[in-house]
Amino acid sequence: MRAAALVGIAAGCALLAASAITVHGQVRAAGERLKTGATLEKPKVAVANDAEAAYCTPAFKEVLARVIHACGLVGGDSRRGCQPADVKTLASISDDDFNALFHPLKGRGAVLMFDDGQDKLDDAAKKIIEDRWLDRRGARYFFVVARASKTGGADFNRTLSHKRANSVLFHISDKFKDADPDIDKEVGLLWLGSEFAQLGKEYCEWNVSRPNNCAAEAINRSAFISWVDCQL
Amino acid sequence: MSSPQMTQTKVPFWPAALALVASGLGLAFALSSTIDYTHHLDRQVHDLHCSFIPGVAGEAGQEAACRAAMYSPYSALFKDRYWGGIPVSLPAVGAFAFFAAFAIYLLLARERAPRRAHQFLFLAGLTPLAVSGLMFFISLTKLGQFCKTCVGIYSSSALLAVAGIGALLVDRKRAREALAAFRSTPGKTVFSPPAAAAVELEKAEKKAEGVAPTLVEGEVPAVEPPGDPDAPFTPPRTGGPGLIPAWLFALAVFSVVPALLYVSAMPAYSTYVTGCGKLENPADPTKALLHVTPPGAKQQATMVVDPLCPTCKAFHQRLVTEGLFDQLDTTLVLFPLDNECNWMLDRPLHPGACVVAKAILCGDHRALSMLEWSYENQDDLVAAAKGSEGIAKVRSMIRDKWSGLDTCIDSKETKQRLERVLRWTIQNQLTVSTPQLFLDGVRLCEEDSDIGLSYSITRLAPNLARSR
């Protein structure tokens, strides 16, 4: 019986030791993998970001970036918006090429039309602004590109264009400042005056605020607005 | 005690043999389960050997039950103290090793083994069955599924219990035969001690309704076997009173030693659990996010979930099962992985999630109930979204359960609110993934959201008491 007991004890110790050493070794190995990072490479997970639409071409993003960074949108600069001269300098781009950059936004944006020599928004324009503003989706920036027709002097038109851009900004602020405290960081203004990137009559086919009174001169008494679905 | 002239009742070998087989199987299953568990101590996800054959990988897709069992709060002890805890299969490894050794002893000793050995096998052999019964009940009522490895351990425990019952029957038979031999032999040869012990035995037998009592070693009457008056009969040796406590102590040592070694080898995790980032800008000035605050909430938490994401469902259930969810003052960030509303995806991972998320936003104070409903009906909702009727069918399911939300779901305000929720994830630079849990702004690592959950939460939110 003593022999049986001894064999039993030996077997028990052997089984216990083998099991414990196996488990101990596995724990150690796991600890080593944890320490050295010797595990399967983790798939890269995207970080939440703004939308990036197909129209965000390098040329478009260059204009966008220059407007945003150089014209006071980013960084809390007190200056707000770009003048035509700025655009010419910054974008180095022809009128037609500049306008073409915005063609993909035909469905996303709208053209607000103003009376001759005026910067006051009518009800139709206000409604379009509100609709467009609320249709943000994943966009980060809201662009306002104001224009003036060639009627009148360059300085007058430059000032008028500036006022039209501001009218849009002020209306957005009045309506949505409470719901969106970051409007200042989202709206980019560009006023073009009459010397750069005038629109042709074909732009009357876009979503305009006065579709029944759209003509070659009238379409330039305007402000183009749109969310821009590009990451910068 | 015995001599060549003396005879003893033959002890059948099957209880010990069955105990050896059962213990061997139990040891193999428990070891396989433990090793699978230890693989995960590197905070990664590994394959499981979920099979009726210990150590063999099961068929693809059949490991879900084993994974559910492993991720459940019942899979390990001291989970809040050690990352992953000590797997319950680990004490089983030691216990089955002990029973295997004990069975070997019984097989070799046979009739020379004291009666207490068989009684011990019966008593102690029931303990694995008792634990298995408890785990079986938990699997049935809490998990709703049975993992094959667990079933292997349950079966081994049952076999061991059968072996223990067999050992008890053998013991009773030996006692009865000894008593019968004592009674039926006219010329009893008393070896030691003399007749007084036999009288005591007979008295005790009457009390025990014919079953011989356990006798103290040295006081057993020796009787001659009925068939052979010349050969003195040796009654079975009982064994000293300290044997059973000693074996129980040895069983306890066997059960505890692997756990101690396991704990001693575990790496330190404290630096890992806090290294997965934090919320950069948690402010929500537009009040787009939902808030769920149960009465016992004591810990701020931010949870990023997709109502149709299976991992979110499992994670939510884990928090509820562990008694944690009701202690969280939760800011709920709905993040549907569906490109119908979420521009961060180019295809829908969970089609229909956008409309369900809008419905939950519209549910307001019913948000949690609606989220849990969407988890419960996740498969049906996704199937509906992928079916011929598409989102219309999902809308119909929502309408059937939660009436009066149609106008709200379709409103511009709800669309914008959901967009603001999505933009909140951008302002906090979150990854495009669900679920994500932040405690006081510190992210619970994805790697710590399963077996390391209790430990990590204890580290991230020390005041969060667990109430299992």
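Here, the structure is the one placed above.
About the thresholds
- Every chain is numbered on its own, with residues counted from 1 as its sequence reads.
- Here the convention is simple: chains get letters from A, ligands get numbers from 1, in the order in which they are written.
- For a predicted model such as this one, the threshold for reporting local features is a pLDDT of at least 70, and the threshold for listing and counting side-chain atom pairs is 80 or more; totals across whole chains, interfaces and linings nevertheless cover every residue.
- Any two strands are treated as partners once DSSP identifies two or more bridges connecting them.
- Numbering of helices and strands starts at the N terminus; helices are DSSP runs of H or I of at least 4 residues and strands are runs of E of at least 2.
- Contact between two residues is assigned whenever their backbone-derived C-beta positions fall within 7 Å.
- Basically, the charged four are Asp, Glu, Lys and Arg, the nonpolar ten are Ala, Val, Leu, Ile, Met, Phe, Trp, Tyr, Cys and Pro, and anything else, Gly included, counts as polar.
- Lines fitted to C-alpha atoms define the axes here, with helix axes fitted over just the stretch in contact, and angles between the N-to-C directions of these axes take values from 0 to 180 degrees.
- Geometric relationships in this document are graded by angle, where less than 35 degrees denotes roughly parallel, more than 145 denotes roughly antiparallel, 65 to 115 denotes roughly perpendicular, and other angles denote oblique.
- Crossings are classed by handedness, with left-handed meaning an anticlockwise turn of the near helix from the far one by less than a right angle and right-handed meaning a clockwise turn.
- In plain words, the nonpolar core is the set of buried Ala, Val, Leu, Ile, Met, Phe, Trp, Tyr and Cys residues that C-beta atoms within 7 Å link up.
- Counting other C-beta atoms within 10 Å of each residue's C-beta, where C-beta atoms are placed from the backbone, gives the exposure class: buried for 20 or more, exposed for 12 or fewer, partly exposed between.

What follows is about the sheet that holds strand 5 (residues 328–334) of chain B. Residue and element names in this part refer to chain B. Taken together, the five strands give an open sheet; going across it, the order is 3-5-4-6-7, and neighbouring strands pair in mixed fashion. Edge positions in the sheet fall to strand 3 (290–292) and strand 7 (442–443), since each of these pairs with one other strand and no more. In this structure, strand 3 lies alongside strand 5, joined through three bridges in antiparallel fashion. Each bridged residue has a counterpart across the sheet, and for Leu 290 the counterpart in strand 5 is Leu 332.

At the interface, 38 residues of chain A touch 46 residues of chain B. Examining the composition of the side of chain A that touches chain B, we find that 21 residues originate from one element, helix 1 (residues 2–36) of chain A, more than from any other. Along the lines of polarity and charge, the residues of the side of chain A that touches chain B split into 21 nonpolar, ten polar and seven charged.

Moving on, we get to the packing of helix 1 of chain A against helix 1 (residues 14–39) of chain B. In contact at an axis separation of 8 Å, helix 1 of chain A and helix 1 of chain B are set at 15 degrees when each is read in the N-to-C sense. Between helix 1 of chain A and helix 1 of chain B, the angle is such that the two are roughly parallel. The way helix 1 of chain A lies across helix 1 of chain B gives a crossing that is right-handed. Judged by residue contacts, Leu15(A), Ser19(A), Thr22(A), Val23(A), Gln26(A), Val27(A) and Ala30(A) of helix 1 of chain A engage Leu27(B), Leu31(B), Thr34(B), Ile35(B), Thr38(B) and His39(B) from helix 1 of chain B. In terms of residue class, the contact of helix 1 of chain A with helix 1 of chain B is built from seven nonpolar, six polar and no charged.

The next point concerns the nonpolar core. If you look at the biggest cluster of nonpolar residues, it comprises 68 residues, and the most contacted ones within it are Ala97(B), Ala100(B) and Leu121(B). Of all elements in the fold, only helix 1 of chain A together with helix 1, helix 2 (64–71), helix 3 (89–109), helix 4 (115–143), helix 5 (148–184) and helix 7 (243–265) of chain B reach the threshold of two or more residues within this core. Ranked by residue count, the leading element in this core is helix 3 of chain B, at 16 residues. Discounting chain neighbours no more than four positions away, the residues touching Ala100(B) are Ala11(A), Leu15(A), Leu20(B), Ser23(B), Gly24(B) and Leu27(B). Within the second largest apolar cluster, 60 residues are counted, among which are Val305(B), Ala353(B), Trp373(B) and Leu439(B).

This part takes up the sheet that holds strand 1 (residues 110–113) of chain A. Residues and elements named next belong to chain A. Read from one edge of the open sheet, four strands run 1-4-2-3, paired in mixed fashion. What marks the edges here is a single partner per strand, and that holds for strand 1 and strand 3 (187–191). Between one strand and the next, the sheet's axes are offset by a mean angle of 20 degrees, whatever the strand orientation. One ladder, built from four bridges, connects strand 1 with strand 4 (residues 222–228); its direction is antiparallel. Residue pairing in the sheet places Ala 110 in a bridge with Ile 225 of strand 4.

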